[in-house]
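Close look at the chain arrangement
Residues per chain are reported as follows:
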Number of protein chains: 4
Amino acid sequence: MTSIHSSPDQASATLLIHCPDSKGIVATVSEFIYRNNGNITNLDQHVDVKRKVFFMRIQWELRNFIIPDDKIGEYFDTLIAKKFDMQWQLHFSHEVPNMAVFVSKQSHCLYDILSRWRSQEIEVNIPLIISNHPELEPIARQFGIDFHCFEINGLNKQEQEQAQLRLLAEHQIEFIVLARYMQILSEPFIGHYANRIINIHHSFLPAFPGAKPYHSAFERGVKVIGATSHYVTKELDAGPIIAQDIIRVSHADSVEDLIRKGRDLEKVILSRSIWHHLQRQILVYQNQTVVFS
Amino acid sequence: MTSIHSSPDQASATLLIHCPDSKGIVATVSEFIYRNNGNITNLDQHVDVKRKVFFMRIQWELRNFIIPDDKIGEYFDTLIAKKFDMQWQLHFSHEVPNMAVFVSKQSHCLYDILSRWRSQEIEVNIPLIISNHPELEPIARQFGIDFHCFEINGLNKQEQEQAQLRLLAEHQIEFIVLARYMQILSEPFIGHYANRIINIHHSFLPAFPGAKPYHSAFERGVKVIGATSHYVTKELDAGPIIAQDIIRVSHADSVEDLIRKGRDLEKVILSRSIWHHLQRQILVYQNQTVVFS
Amino acid sequence: MTSIHSSPDQASATLLIHCPDSKGIVATVSEFIYRNNGNITNLDQHVDVKRKVFFMRIQWELRNFIIPDDKIGEYFDTLIAKKFDMQWQLHFSHEVPNMAVFVSKQSHCLYDILSRWRSQEIEVNIPLIISNHPELEPIARQFGIDFHCFEINGLNKQEQEQAQLRLLAEHQIEFIVLARYMQILSEPFIGHYANRIINIHHSFLPAFPGAKPYHSAFERGVKVIGATSHYVTKELDAGPIIAQDIIRVSHADSVEDLIRKGRDLEKVILSRSIWHHLQRQILVYQNQTVVFS
Amino acid sequence: MTSIHSSPDQASATLLIHCPDSKGIVATVSEFIYRNNGNITNLDQHVDVKRKVFFMRIQWELRNFIIPDDKIGEYFDTLIAKKFDMQWQLHFSHEVPNMAVFVSKQSHCLYDILSRWRSQEIEVNIPLIISNHPELEPIARQFGIDFHCFEINGLNKQEQEQAQLRLLAEHQIEFIVLARYMQILSEPFIGHYANRIINIHHSFLPAFPGAKPYHSAFERGVKVIGATSHYVTKELDAGPIIAQDIIRVSHADSVEDLIRKGRDLEKVILSRSIWHHLQRQILVYQNQTVVFS
């Protein structure tokens, strides 16, 4: 799902771990890196005291590391992970993942993502944009990215999603970003990309889930509106939250003002979440995220 | 419900108005003040375009105003309000209102209010503090304010509220502040103080109404917590919102951290709402507020 | 400097006024609109008590307004402005102004402006982009806008600015946006566009004026970084401030992180300021702004 | 400088370390805790890449820890610190430090600190309050704390500071909080409490250092005001920053409004900094702080 990118000299590895909490995990893992000649550049850990779960992100420079890249996972699993009953992921900085963007008719999140990608703020491949409407095709063309339109109605949803999944597999897509994609994904579809679909919801969840949150916020007379990015799960707008932010509003703001102001939140929060995902800073556990940033 | 305070020389009057929208309201009202020799120091207006309602706050210096204070209401009603079908309130800066504070066991909001009162940041009389628990009596004593404890159980709620209401009437209380008062007020009680009871709820409403919102926020894994001040209505935590604010949290925050961080929000927002109320900046219409600030 | 755009039926006029404070201004101006059959949709006023200056923004629907558009200014000046010694501007919602964007090598502000323009969030004409470097020409081409490169060195600055001014005049440019344009404009150039050049400075002014503010902020160990939009005056980074905002940082953020996080501030604040300018919400007086929003 | 407080069963130790960066520090330190039967509950580390300095905060439960409390420092220094050329501090959760509060005439920060202390939000001893004015003595009395007034003029500053220092030594004061103390401390005085005097400055430093920052902010027409807490160094308002925050203001705010809104910032940020200091979350290095929170 990735292409090789950075030069090996600056390359680093990142391990994301969670396991039942017990003594000695930090010591054991850091000692493993150290003894094999790795220089730790970042170490974050968190203990969920209530659930007795340990979380860790550790990043180290690969230059001079004794274990070859393609053996690190195996060695770590054998020597350490099994002992502590760990769930773990290993990522390399020189592997650039493939990301698909799903859109509908609104362009602000798409523009924001593509301008960050074009200016190399985010290091990611974007082989394709998928939509259920044709409106944003010109933007895809502007940025030289393939655009695939799958119009969805009451009858064709299952087969359209199957076609989308084939396309995603073909392009070895690692994760999906729903950039204001206004179509609910089916449970089977989500199952293929568990904790790998990032959505932006235009409210401060759990307030105002579902459709037309700005209209609901306006009706309720709130003084602050928000936006929430989260991984998509089968329950609508209820997946693990990655990031949230808010902006102040007043009685003087119309629904249209809320929508306009909210767009700035949506795009910035969604792009910030893509950043965290790409930096391998996010761990998911039981519908919550640990974001080491 | 007030005592005379400021010297007449610096005195000002504030009119709060709402009425069906139509042409000429601003011109007519401002001309009324102007012609009678009043100097307008503040004028805010808002049109609720959807509901076609006009809102206005106008403040002017009373020095040299031709109409005597105790006749302004009558003249305004006769000459202007009736013509536009206005609801209006008139307030004078030299009348200092009486406020009652209701508390339970937590002290942070109470301390915050009393320290602002003592340092004269807010100009208000606080003749009494009411509680359903005895714990905070020492603070009332520290500040020299009468403390009345009404313990409430399943059987005595109605008669205790009656006793409270008598006490409030006796002290000519204009408005009530629930400073983390953990007891639901009955509908009849609320009816006596419509839009004159300010509550602080420790969540970003409409998210997490009811009990233990910080625990719910923690369970949901939110990245931002909030607090909301509102006027109390019969529907729990659903009254017109006055002010809201938020603070960022992370996976590293325990429920206790959320509670601790939330206290700073609660006290600042509640006190800010008291400020707006005392400045006569708030208009309520159909479960929403217009806050001219 | 504008092109006709909206249909006359929804058209409105906006008056921006400032003058020495005195009694009766609100009454007189609103009465002028009312008597001539205008429906006031927005009225904001502010009194600078210290300097005794009165500011006002008043917006009304032109449908049925008795005075023809091209005579409103003359009538207002004769009947009212002279009496109160007013400075005033009159704008019509159906006149869409021409804006020039100046850039250097960084693309984030430019992308943000162009995507809002393309999606019609902002109603403005952008006939040309000017730069002192060729790097961003592809973006101009992406959006179909003329790109003019004026490389500037120690010797040619004056003549290059003259050429720029000719080009701006040719395109009837009403106002200029410096979207991270890294070249100081000369005093004569600025003189042609007084209070009509909007700059974004990447710090919380007056902290860190001049070059490399993120590096200075990093050295100082601040916990918050900011960005500031302002009208350009001859004194560098000292013009009237339009908008400011901040983002939290920590010891864990490198200079590169500050630069990355700051970009999101810069683009949102700059675009928000363009919005305010286009809505005719900004009044400038003695190096300060009144922003009625 | 401390009194024993918590029961040993819940007791924990916290080590704050900085040293030249090198491989193996995390592994070595965490292994030291682990091997001696300590359960690490928190570990934070930071590498200042530019200066090549390593920072670490590590907290562990003392129950079952093999090394007795009064020997931990010695063992750690001998076995580990010397090897890595570490600067370190060791703190125990059951040792409650003594804090002195310095005030002048404004009460808001003092009230905020005392109400948090009285409600046990912060675990600290406050044996005395020192002031250069008598005004706040009643508040000290309200809370049952000794109040010492040292009026300072051009002639007596040196001897008054000497008297203050004797008093602080007598009460074994560990750190000092300047809660809007409007008197500049001399360099010798500061030398006795290096990185142990916390000040709150009422601006967003480095903007508006020195006197009357709200007046300067008003004159400059800023749209955001701030407050900054920092450790006091000999250069005025230039010490290492602990925390900063801001609040939005507008043209409608008078200087008095800025002062009033600023008070809420000042007290919350100052108290938050006391919290970080008491949690032993702050490391100072070359005029910057690392705040592990």
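These notes cover the structure that comes with them. Going along each chain's sequence as written, the residues are numbered from 1 onward. In the order they appear in the text, chains get letters beginning with A and ligands get numbers beginning with 1. It should be noted that, the model being predicted, local features are given only for residues of pLDDT at least 70 and side-chain atom pairs only at 80 or more, the latter also being counted only at that level, while totals for whole chains, interfaces and linings use all residues. As a rule here, side-chain values cover all heavy atoms of the structure and leave hydrogens and water aside.

What follows is about the relation of the copies chain B and chain A. Least squares is used to superpose the copies, and the fit set is the C-alpha atoms of residues whose pLDDT is at least 70 in both copies. Overlaying chain B with chain A gives an RMSD of 0.0 Å, the required rotation being 180° about an axis along which the chain moves by 0.0 Å. In short, the pair behaves as if placed about a two-fold rotation axis. Proximity to the rotation axis, assessed at the C-alpha, singles out A207(B) in chain B; its C-alpha lies 2.3 Å from the axis.

Attention shifts here to the side chain of Q160(B). All names here are of chain B. Runs of E in the DSSP output that reach at least two residues are strands. Runs of H or I that reach at least four are helices, and both are numbered from the N terminus. Note that Q160 resides in helix α5 (residues 157–170). Accessibility expressed as a relative area gives 16% for Q160, which makes it buried. When residues no more than four places from it in sequence are discounted, the contact partners of Q160 are F150, E151 and I152. Partly exposed describes any residue whose relative accessible area lies between the buried limit of under 20% and the exposed limit of over 50%, with all areas from a 1.4 Å probe on protein chains only and scaled to the type maximum. Only heavy atoms matter for contacts: two residues are in contact if any of them lie within 4.5 Å across the pair.

The next thing to look at is the interface of chain B and chain A. The interface of chain B with chain A comprises 33 residues on the first partner and 33 residues on the second. Both sides together, the interface formed by chain B and chain A hides about 2,700 Å², and carbon and sulfur atoms give 54% of it. Summed over both partners, the accessible area (1.4 Å probe) lost when two parts come together is defined as the buried area. It is R220(B), K223(B) and H251(B) that lose the most area in chain B upon contact with chain A, and together they represent 26% of the buried surface on that side. One side-chain nitrogen of Lys or Arg within 4 Å of one carboxyl oxygen of Asp or Glu is enough to make a salt bridge. On the surface where chain B and chain A come into contact, there are 4 salt bridges. For D245(B), the salt bridge identified is with R248(A), shortest N-O distance 2.8 Å. In protein, a polar contact requires one atom able to donate a hydrogen and another able to accept it; more generally it is a pair of N or O atoms within 3.5 Å, and residues adjacent in sequence count only if both atoms are side-chain atoms. Here chain B is connected to chain A by 20 residue pairs in polar contact (both at pLDDT 80 or more). Residue assignment for the side of chain B that touches chain A shows that the elements contributing at least two residues are α7 (213–220), β12 (241–248) and β14 (288–291) of chain B. No other element matches the 7 residues that β12(B) contributes to the side of chain B that touches chain A. By the convention adopted, Pro, Cys, Tyr, Trp, Phe, Met, Ile, Leu, Val and Ala count as nonpolar, Lys, Arg, Asp and Glu as charged, and the other residues, Gly among them, as polar. Of the residues belonging to the side of chain B that touches chain A, the class tally is 17 nonpolar, 8 polar and 8 charged.

Below, the discussion takes up the interface of chain D and chain C. Counting residues at the interface gives 33 residues for chain D and 33 residues for chain C. When chain D packs against chain C, close to 2,700 Å² is buried across both sides, 53% of that on carbon and sulfur atoms. If you sort the residues of chain D by the area they bury against chain C, R220(D), K223(D) and H251(D) come out on top, with a joint share of 25%. For the interface between chain D and chain C, the tally reads 4 salt bridges. Inspection of the chain D/chain C interface yields 20 residue pairs in polar contact (both at pLDDT 80 or more). Among the elements of the structure, α7 (213–220), β12 (241–248) and β14 (288–291) of chain D are those that each provide at least two residues to the side of chain D that touches chain C. A per-element tally of the side of chain D that touches chain C places β12(D) first, with 7 residues. Residue composition of the side of chain D that touches chain C, grouped by class: 17 nonpolar, 8 polar and 8 charged.

With that out of the way, let us pick up the pattern of salt bridges. All names here are of chain C. Evaluated as defined, the whole model comprises 72 salt bridges over all chains. Notably, a salt bridge pairs D253 with K261, separated by 3.2 Å at the nearest N-O pair. By relative accessible area, which is 9% here, D253 ends up buried. Between R260 and D257 there is a salt bridge, with the nearest N and O atoms lying 3.2 Å from each other. Of this pair, R260 and D257 both sit in helix α8 (residues 255–278), 3 residues apart, roughly one helical turn. What makes D257 buried here is its relative accessible area of 17%.

Any two cysteine sulfur atoms lying within 2.5 Å of each other are counted as a disulfide. As enumerated under the stated definition, the model contains 0 disulfides over all chains in all. With no disulfide of its own, C109(A) has C109(C) as its nearest cysteine by sulfur position, at a separation of 18 Å.

Residue placement: S293(B) occurs in the segment after β14. Each residue touching S293(B), except ones within four places of it in the same chain, is listed here: H276(B) and Q281(B).

All names here are of chain A. In this fold, F92 is placed in strand β5 (residues 87–92). Considered as a pair, F92 and W60 are 32 residues apart in the sequence and their alpha carbons are 10.0 Å apart. Those residues in contact with F92 that sit more than four places away from it in its chain are S12, A13, L62, D69 and I72.

In this section: the relation of the copies chain D and chain C. Laying chain D over chain C is done by rotating through 180° and shifting 0.0 Å along the axis; what remains is an RMSD of 0.0 Å. Looking at chain D, 100% of its interface residues are interface residues in chain C too, so the copies touch through the same face.

Turning our attention to helix α1 (residues 25–35) of chain D. Here α1(D) lies mainly inside the structure; 8 of its 11 residues are buried. Along α1(D), the positions that sit buried rather than exposed are I25(D), V26(D), A27(D), T28(D), V29(D), S30(D), F32(D) and I33(D). Of the surrounding secondary structure, the elements contacted by the buried residues of α1(D) are α1 (25–35) and β3 (39–48) of chain A together with β2 (12–20), β3 (39–48), β4 (53–61) and α2 (69–84) of chain D. Following α1(D) by one or two positions, N37(D) adopts a phi angle in the positive range, close to 75°.

So, about the environment of S186(A). All names here are of chain A. Turning to its location among the elements, S186 is positioned in the loop between β9 (175–178) and α6 (187–192). Linking S186 and K157, residues 29 residues apart in sequence, is a C-alpha distance of 8.6 Å. In this view, S186 contacts K157 and E161; residues no more than four positions away in its chain are not counted. At 2.3 Å, the side chain of S186 and the side chain of E161 are in polar contact.

For Phe, Tyr and Trp, rings pair up if their centres lie within 6.5 Å, where Trp contributes its six-membered ring, and each pair is then called stacked (planes under 30 degrees apart), edge-to-face (over 60) or tilted (otherwise). Under the defined criterion, the tally for this structure stands at 38 aromatic pairs over all chains. Centroid distance Y111(B) to F143(B): 6.4 Å. Interplanar angle 65°. Geometry classified as edge-to-face. Of this pair, Y111(B) sits in helix α3 (residues 108–118) while F143(B) sits in the loop between α4 (137–142) and β8 (146–149); the two residues are 32 residues apart in sequence, bridging distant segments of the chain. A single burial state applies to Y111(B) and to F143(B), both of which are buried. The interplanar angle of 80° and the centroid separation of 5.6 Å between the aromatic rings of F55(C) and Y285(C) together place this pair among those described as edge-to-face.

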